[in-house]
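Results of the structural survey
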Amino acid sequence: MIYREAGDFHTSYREDNQTFPIRFDRYRYYAVLAIAFVVIPFFINDYWANALLLPFLIYSIAAIGLNILTGYCGQVSLGTGGFMAVGAYACYKLMTAFPEVSMFIHVILAGGITAGVGMLFGLPSLRIKGFYLAVATLAAQFFLVWLFNRVPWFYNYSASGQISAPERTVFGIAVTGPNTESWATYLFCLIFLVASALIARNLTRGTLGRTWMAIRDMDIAAEIIGVNPLRAKLTAFGISSFFVGVSGALFFAVYLGAVEVGEAFGIQKSFLILFMVIIGGLGSIFGSFAGAAFLVLLPVLLKVVGADMLGWPTDIVAHFQLIIVGAMIVLFLVLEPHGLAQLWRVAKEKLRLWPFPH
Amino acid sequence: MKLKLTTLALGALMAAGPAMADLVFPSLSYRTGPYAANGIPFADGYADYFTLLNERDGGIGGVKAKVIECETGYNTEKGVECYESTKGEGSLLYQPLSTGITYQLIPKVTADGIPMHSMGYGRTSAKNGSVFNYIFNYPANYWDGASVAIKYLLSENGDSLEGKKIALVYHNSAYGKEPIRTLEELAKKHGYELILLPVDHPGQEQKSQWLQVRRDRPDYVIMWGWGVMNSVAIQEAVNIRFPMDHFIGIWWSGSENDVIPAGEGADGYKALTFHNVGSDYPLFGDLKTYVLDAGKAAGAGDQVGTALYNRGLYAAMLAAEAAKTAQELSGTKDITPAQMRDGMEALEITEAKMAELGLPNFGPEFKVSCENHGGDGLGAIVQWDAKAKQWNMITDYISPDEDVLQPLIAEDSEAYAKENNITPGCN
């Protein structure tokens, strides 16, 4: 009824090509942004920030990053955990070397360093494809984790081999360290997420995004029509790693505060983010959000319902969590192989016609 | 308004929450995953002791104790979630049973003003209470453990380890890396050669490490393992016929669940401990009457008397004693986390007190002070008897080499104080 384009005329290409061409959609988007920026910071508490919102925001950035590489450019990567570790360790080294610099700059620089490392490990993608590339990025994952464990310079020679974030500020407000306000960390991550999503959306519908998709759909054909595979693949690796690096830096500095590379950035992290992208929807920015929300919030929801509300033993709840999340992943993939984003698209199509589907 | 939304959002959670009068002891346990074999007995012991206090004495000083369990799976992210979800319930004391989560929580609990007790794990330099106001690690820590192990080996070898080779098989994490610095310092002092063999999480794959043990032929192997890593290491050591009595585990590598899978082969394996073993104490009688037979045991109730169950029990006992001390100091029954902290800092465990609790000869005597949050660091050696399926304590409590440890602790805690702008001081 309200969700329809009747009366919503587009008189220029610009209007026709906007991200949310339907007026209702556009207002909903503005409303979500307004609530996220203006309303939530006033109501947020430590539990909501640290248990739900921060991981959701940070994993969303990582999922956007991997979605660019895997969803848009078709290059399967199992090295996401390793690249997040690069972001985290780069951020740590920068934070400790230049304490007076704003955290914004550190996180962006950490993303830049990760982009460089990602391009380096992306070089083999020019020669190898598919499963073989997945194996090559898996090597990156293991190598990077090993490196950060092995070379004491990366963790400033601390006895435990852990890195822990000292207090750093943005415009005089602490965003890392123990004495942070939850609204500050939340807003800090939210700004990065919104910026990442905007950049990713605009990149993927521009020239660069089209070359990525051409490579994804058929690389030989793309090469024949004049797409440079070297440029397309390396930019995909670089930009994807930039976002992954930013998320790694935030994951360490803002969310956890202290990190041990093998545990926080191990192979299971790579798989987790790959699952987010697959469940959310390959080649969709919204899918990155949906996938991250699904895999971050669902386990917590199950825990709250099972252990806190129903009072079941915690081990039973933990096992149920695995079973239910696993079953839902299988179910989703069987019923909708294109992920939650496709479900959302179908729902929107139906809504456009509702209540007169014929 | 803030409170209102929280109440609305977590309404159901709060409804199931405690009445404010309870003394809340959250238990960040892990009953699933590769570390469950060790996590379950500890969590059971911890919960059962508080159940016993509630059933037998009506709580601590007349106030019921409430244990909120939260599953972490030994995972730091879940640890954070558990911490955030339980701290609003009036939690008095955190015992995360994970060095990784401990490191994570040290700054957080300090900022929130809730004490944390990492008993025999965590950050060793937290012993210096003038820097780590809210962190306690009595009665012993990893560096004590490393030193006690070396002292024991010295006594086995006529007070000289000159030219000996000692291998450290360790969990490649903050936990396993803790003793390296101490062992290196002690190597300088006693002239042994230290071989480092890291095992990556979770530790099911150790063929290459034990191949190296076979090749290098160290005289002794010391292990810092946890979870499934322990039983795999002991099995591998059996496979390469490494002499079991030359293999010493830290106290976290000395539970029944670690040695039983290796069967007869594990006979003679040694481990450290900072409390006694077995269930031959008067307290266990009460435990049977009030908890086990009443069907109120945590978990399956089949872990009673095992090494880690006893440790969980001991941890709960120390927490309850600290709460009692806090009640006496503050003159109020409903203590706050800050009062709990003061109680922990004033805690004194004497043999008379232990006997009164029904645990004579169970643990060493010690006294906590602001300068010393770590007790005396006494440790003893237990040896596994595979036929009888039990641990036997084969030494008295050995005190660690404080000459080596104190400078290291001072150095590390000062570095932490400097990093975090803390002015060390006792009030």
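In this convention, every chain numbers its residues from 1, walking through the sequence in written order. Starting at A for chains and at 1 for ligands, labels are handed out in the order in which the entities are written. With the structure being a predicted model, the display of local features is reserved for residues of pLDDT at least 70 and the display and counting of side-chain atom pairs for 80 or more, all residues being used for whole-chain, interface and lining totals.

As a further point, take the domain arrangement of chain B. All names here are of chain B. For the purposes of this description, domain bounds are those given by an automatic or database domain assignment. Looking at chain B, the domain boundaries give domain 1 (2-141 + 277-377 + 408-419) and domain 2 (142-275 + 379-406). Of note, the centres of domain 1 and domain 2, computed from C-alpha atoms alone, are 27 Å apart. By the convention adopted here, residues make contact when the C-beta atoms placed from their backbones lie within 7 Å. Of the residues lining the interface, 30 residues belong to domain 1; the matching set on domain 2 comes to 35 residues. Contributions of two or more residues to the side of domain 1 that touches domain 2 are made by helix 3 (36-57), helix 5 (99-112), helix 13 (307-330) and helix 16 (402-419). A run of DSSP states H or I qualifies as a helix once it reaches four residues; a run of E qualifies as a strand once it reaches two. Both are numbered from the N-terminal end. If one sorts the elements of the side of domain 1 that touches domain 2 by residue count, helix 13 sits on top with 5 residues. Residue composition of the side of domain 1 that touches domain 2, grouped by class: 17 nonpolar, 11 polar and 2 charged. Three residue categories are used. Nonpolar comprises Ala, Val, Leu, Ile, Met, Phe, Trp, Tyr, Cys and Pro, charged comprises Asp, Glu, Lys and Arg, and polar comprises the others, including Gly.

Attention now moves to the domain arrangement of chain A. Residue and element names in this part refer to chain A. When cut into domains, chain A gives domain 1 (1-7 + 20-43) and domain 2 (44-266). Computed from C-alpha coordinates alone, the two centres of domain 1 and domain 2 are separated by 29 Å. With 5 residues of domain 1 at the interface, the matching set in domain 2 holds 5 residues. Among the residues making up the side of domain 1 that touches domain 2, the classes are represented as 5 nonpolar, no polar and no charged.

On to the packing of helix 3 (residues 46-72) of chain A against helix 13 (residues 285-309) of chain A, then. Each packed pair of helices is defined by two parameters, the angle between the axes and the distance between the axes. All names here are of chain A. In the contact formed by helix 3 and helix 13, the axes pass within 8 Å of each other and the chain directions differ by 140°. Between helix 3 and helix 13 lies a crossing whose hand is right-handed. Note on element contacts: helix 13 touches helix 3 through Ile285, Gly287, Ser288, Phe289, Gly291, Ala292, Ala293, Val296, Leu297 and Val300, opposite Ala51, Leu52, Pro55, Phe56, Tyr59, Ser60, Ala63, Ile64 and Asn67. Per-class residue counts for the contact of helix 3 with helix 13 are 14 nonpolar, 5 polar and no charged. Fitted lines through C-alpha atoms serve as axes, helices being fitted only where they are in contact, and the angles separating the N-to-C directions of these axes extend from 0 to 180 degrees. By definition, any crossing whose near helix is turned counterclockwise from its far helix by less than a right angle is left-handed, and any crossing with a clockwise turn is right-handed.

Bringing helix 10 (residues 229-256) of chain A into the picture now. Residue and element names in this part refer to chain A. In this analysis, the expected span of each helix is defined as 1.5 Å times one less than the number of residues it contains. Over its 28 residues, helix 10 extends 38 Å from the first C-alpha to the last, a length consistent with the 40 Å expected when each residue adds 1.5 Å. Here helix 10 lies mainly inside the structure; 24 of its 28 residues are buried. Among the residues trailing helix 10, Gly257 stands out with phi positive, at a value near 85°. Whether a residue is buried, exposed or partly exposed follows from its count of other C-beta atoms within 10 Å of its own C-beta, namely 20 or more, 12 or fewer, or something in between, respectively; the C-beta atoms are built from the backbone.

Residues and elements named next belong to chain A. To form a nonpolar core, buried Ala, Val, Leu, Ile, Met, Phe, Trp, Tyr and Cys residues must be joined through C-beta atoms within 7 Å. In terms of nonpolar packing, the biggest core is built from 231 residues, with Ala88, Cys91, Leu250 and Phe252 touching the most fellow members. Considering every element that reaches this core, the biggest residue donor is helix 10, with 16 residues. Contact partners of Phe252, with chain neighbours within four places excluded, come to Ala88, Cys91, Tyr92, Ile163, Ala165 and Val259.

Now for the sheet that holds strand 9 (residues 270-273) of chain B. Residues and elements named next belong to chain B. Ordered by their spatial adjacency, 7 strands build an open sheet running 6-5-7-8-9-12-13, and the pairing between neighbours is mixed. Two strands close off the open sheet at either side, each with one partner strand: strand 6 (193-199) and strand 13 (390-393). Across the sheet, the axes of successive neighbouring strands diverge by a mean angle of 25°, strand direction being ignored. Sheet topology note: the strand 5 (residues 165-171)/strand 7 (residues 220-224) ladder contains 5 bridges and is parallel. Directly across from Ala167, in strand 7, lies its bridge partner Val221. Pairing between strands is defined by DSSP: at least two bridges between the two strands are required.

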